[in-house]
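So the chains spell out like this:
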Amino acid sequence: MIYADHAATTKISHAAKEEMMRVMEESWGNPSSLHTPGQLAKEVLEEARRKIAACLNAAPSEIYFTSGGSEADNQALRSAAYWGAKKGKRHLVSTAIEHHAILHTLDQLKEEGFEVTLVGVDQNGVVSVEDICRAIRPDTALVSVMYANNEIGTIQPIAEIGRCCREHGVLFHTDAVQAAAHLAIDVERDAVDLLSLSGHKFYGPRGVGVLYARRGVPLRPLIAGGAQERSKRAGTENLPAIAGMAVALEDAAAKMPQETKRLAALRDKLEAGLSKLPHTRINGGKAPRLSGTLNVCFEGIEGESLLLLLDDRGIAASSGSACTSGSLDPSHVLLALGLPHEVAHGSLRLSLGAETTEEDVDIMLQEIPKVVSYLRSISPVWEELESGARPHLI
Ligand SMILES: *Cc1c(COP(=O)(O)O)cnc(C)c1O
């Protein structure tokens, strides 16, 4: 099986798995306990916090462990929103291409009386710094812009947006879940106040994530209970997962310079080959992108059928975000690029990672064109396009 869906999840690394096993065997105490097994576990917890903080150029006291990227996103937005509301600031700014963990939380906050401005992106999938700055009002509490997009891989101008938010005295959150294994994140350089990570997107375990909150940023617990995580996230810590995630992040950071180069070369080869197919569009192709991500639209076919036929041929890909697959709605990200519904339906996301080899890319370059041709040969839409009954859109 060729796995080309690293943006959905990654296979846990050997080092992370070993660390989890070690912690389960040796450090199974409750970090809140005062006895020796508890204190040994507490040391493991704080060591993981130091490792993660170092990878982000943050202080350990600014790192909070959560159940994943979704929880970190939810907590960041709610903390900033409720804090703003106390000062009469009930306006939030974000973008049209965010993950649903952001967009659906914003929908809930709207129901609670907050006002939300979603800034659009250009046809390449990049948000403009000016557009974000212009959306900031005197009653804006928070700006949230993802570091890199999960469907098309485009990298957003985070440091510039961070500077603008700071000038305006507005909190800045970034969902950096996709960026973690691919880009060097620095919360000082990027002027970030809140940042989300998820273990399973960088070869760590799932069900664990990080919320970075700059000193002084008032976090509000989503889960009330014990005093864990300095009373900002109750519940006995998932220590094996936390320790495994810390090892995975350190590993990913160490391998990043070489690995991103390797993946970019493989992605570019894949992109060059697939671009030769007629009426094909590379989404986000003209923007700075994550090294392993490729998102393509093939006119006249459905992404879902493409996905299933590729799976039959041993290639695991995605038609966009894991959350939209299975529904017939086209991706909100592709629609935000200005693509018509018909085109957005025919999208394929190939996301490469640690296990991807050049041979995998060669096989994909053999198989994908065959499947595209086959699906077009049985597509009534393609027939209309080719006969001129309907104009080609790409
Ligand atoms: C995967 C993902 C999330 C959700 O993370 P979980 O740990 O699966 O909850 C949030 N944002 C982005 C951009 C993602 O890719």
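Just so we're clear, the structure is a prediction, and the values are computed from it rather than from any experiment.

Reading the values: rules and limits
Residues numbered from 1 in each chain as written. Predicted model: local features only at pLDDT ≥ 70, side-chain atom pairs only at ≥ 80, totals over all residues. Heavy atoms only, no water. Disulfide = S-S within 2.5 Å. Helix = DSSP H or I, 4+ residues; strand = E, 2+ residues; numbered from the N terminus. Domains from an automatic or database assignment. Contact = heavy atoms within 4.5 Å. Buried area = accessible area lost by both parts, 1.4 Å probe. Salt bridge = Lys/Arg side-chain N within 4 Å of Asp/Glu carboxyl O. Polar contact = N/O pair within 3.5 Å; in protein donor to acceptor, adjacent residues only side chain to side chain. Near = heavy atom within 4 Å. Areas by Shrake-Rupley, 256 points an atom, 1.4 Å probe, with all protein chains shown as cover. Nonpolar A, V, L, I, M, F, W, Y, C, P; charged D, E, K, R; others polar. Core = buried A, V, L, I, M, F, W, Y, C linked by side-chain atoms within 4.5 Å. Buried < 20%, exposed > 50% of the residue type's maximum accessible area, 1.4 Å probe, protein only. Pairing = 2+ DSSP bridges. pLDDT = per-residue confidence, 0-100. Axes fitted to C-alpha atoms, helices over the stretch in contact; angles between N-to-C directions. Parallel < 35°, antiparallel > 145°, perpendicular 65-115°, else oblique. Left-handed = near helix turned anticlockwise from the far one by under 90°.

**Re the state of the cysteines**
Step number 1: Applying the stated criterion across every chain yields a total of 1 disulfide.
Step number 2: Note on cysteine connectivity: Cys133 is disulfide-linked to Cys164, with sulfurs 2.0 Å apart. You can see Cys133 sitting in helix H5 (residues 129-135) and its partner Cys164 sitting in helix H6 (residues 158-168), a full 31 residues away along the chain.
Step number 3: Its sulfur unpaired, Cys165 is 5.7 Å from the next cysteine sulfur, which belongs to Cys164.

**A closer look at the domain arrangement of the protein**
Step number 1: What the domain assignment lists for the protein is domain 1 (2-6 + 256-387) and domain 2 (14-251).
Step number 2: Summarising the inter-unit geometry, the C-alpha centres of domain 1 and domain 2 are found 29 Å apart.
Step number 3: Opposite the 30 residues of domain 1 that make contact, domain 2 presents 28 residues.
Step number 4: Here domain 1 packs against domain 2, burying approximately 2,200 Å² in sum over the two surfaces, 61% of which is carbon and sulfur.
Step number 5: For the domain 1 face of the interface with domain 2, the top three residues by lost area are Met256, Leu290 and His332, together amounting to 28%.
Step number 6: Summed over the shared surface of domain 1 and domain 2, the result is 0 salt bridges.
Step number 7: One can count 9 residue pairs in polar contact (both at pLDDT 80 or more) joining domain 1 with domain 2.
Step number 8: When contributions to the side of domain 1 that touches domain 2 are tallied by element, the ones reaching two or more residues are helix H8 (239-275), strand S10 (293-298) and helix H10 (332-336).

**Notes on the site of the ligand**
Step number 1: Near the ligand, the surroundings consist of 13 residues, among which Ser70, Asp175, Gln178, Ser198 and Lys201 are the closest.
Step number 2: The separation between an oxygen atom of the ligand and a polar side-chain atom of Ser198 is 2.6 Å.
Step number 3: Lys201 is positioned such that a nitrogen or oxygen atom in its side chain is 2.8 Å from an oxygen atom of the ligand.
Step number 4: Computed on the free molecule, the ligand has an accessible area of 380 Å², of which 87% lies beneath the protein chains in the complex.
Step number 5: When residues of the shell around the ligand are assigned to their parent elements, the largest contribution, 3 residues, is made by helix H3 (residues 69-86).
Step number 6: Residues belonging to the shell around the ligand are distributed by class as follows: 2 nonpolar, 8 polar and 3 charged.

**Focus: the nonpolar core**
Step number 1: Of all hydrophobic cores here, the largest spans 62 residues; its most connected members are Leu56, Val143 and Leu197.
Step number 2: At 9 residues, the largest contribution of residues to this core is made by H8.
Step number 3: Two domains each put at least three residues into this core: domain 1 (2-6 + 256-387) and domain 2 (14-251).
Step number 4: Here Val143 is in contact with Val93, Ile132, Ile136, Ile161, Cys165, Val170, Leu171, Phe172 and His173, once residues within four sequence places are set aside.
Step number 5: Membership of the second largest hydrophobic core comes to 26 residues, among which are Leu306, Leu352, Val361 and Leu375.

**Focus on the pairing of strand S8 (residues 209-213)**
Step number 1: Of all 5 residues in S8, 5 are buried; the element is thus mostly enclosed.
Step number 2: Taking every second residue as pointing to the same face, both faces of S8 are buried, with Gly209, Leu211 and Ala213 on one and Val210 and Tyr212 on the other.
Step number 3: Looking at chain direction, strand S2 (residues 63-66) and S8 are connected through 4 bridges and run antiparallel. Pairing of Thr66 across the sheet is with Gly209, part of S8.
Step number 4: Sheet topology note: the strand S7 (residues 194-198)/S8 ladder contains 5 bridges and is antiparallel. Paired with Leu197 across the strands is Val210, a residue of S8.

**Things to note about the confidence of the model for the protein**
Should pLDDT be low for a region, the predicted coordinates there are not to be read in detail.
Step number 1: Confidence in the prediction of the protein, expressed as mean pLDDT, is 96, and 98% of residues score 70 or more.
Step number 2: With pLDDT under 50 throughout, residues 321-326 is counted as low confidence; its partners more than four residues away or in other chains account for 9 contacts.

**Section: the side chain of Ser33**
Step number 1: Residue placement: Ser33 occurs in the loop between helix H1 (14-26) and helix H2 (36-56).
Step number 2: Classification of Ser33 as buried rests on a relative accessible area of 19%.
Step number 3: When residues no more than four places from it in sequence are discounted, the contact partners of Ser33 are Gly38 and Gln39.

**Things to note about the pattern of salt bridges**
Step number 1: Scanning all chains against the criterion turns up 26 salt bridges.
Step number 2: Between Arg390 and Glu384 there is a salt bridge; the shortest N-O distance is 3.0 Å.
Step number 3: On the basis of relative accessible area, Glu384 is assigned to the partly exposed category, the value being 34%.
Step number 4: Salt bridges here are not isolated pairs; linked through shared partners, they connect Lys42, Glu46, Arg49 and Glu229.

**Focus: the sheet that holds S8**
Step number 1: Here 7 strands make up an open sheet; going across it, the order is S2-S8-S7-S6-S5-S3-S4 and the pairing mixed. Looking along the sheet, the strands with just one partner apiece sit at the ends: S2 and strand S4 (115-119). Averaged over all neighbouring strand pairs, the angle between strand axes comes to 20 degrees, with direction disregarded.
Step number 2: Relative to S7, H3 is tilted by about 165 degrees, and along the sheet it contacts S2, strand S3 (91-95), strand S5 (140-144), strand S6 (171-175), S7 and S8.

**Re the packing of H2 against H8**
Step number 1: Running from N to C, H2 and H8 cross one another at 30 degrees; their axes reach a closest spacing of 9 Å. In terms of orientation, H2 lies roughly parallel with respect to H8. Relative to H8, H2 is oriented so that their crossing is left-handed. Note on element contacts: H8 touches H2 through Leu239, Ile242, Ala243, Met245, Ala246, Val247, Leu249, Glu250 and Ala253, opposite Ala41, Val44, Leu45, Ala48, Lys51, Ile52 and Cys55.
Step number 2: Residue classes in the contact of H2 with H8 are distributed as 14 nonpolar, no polar and 2 charged.

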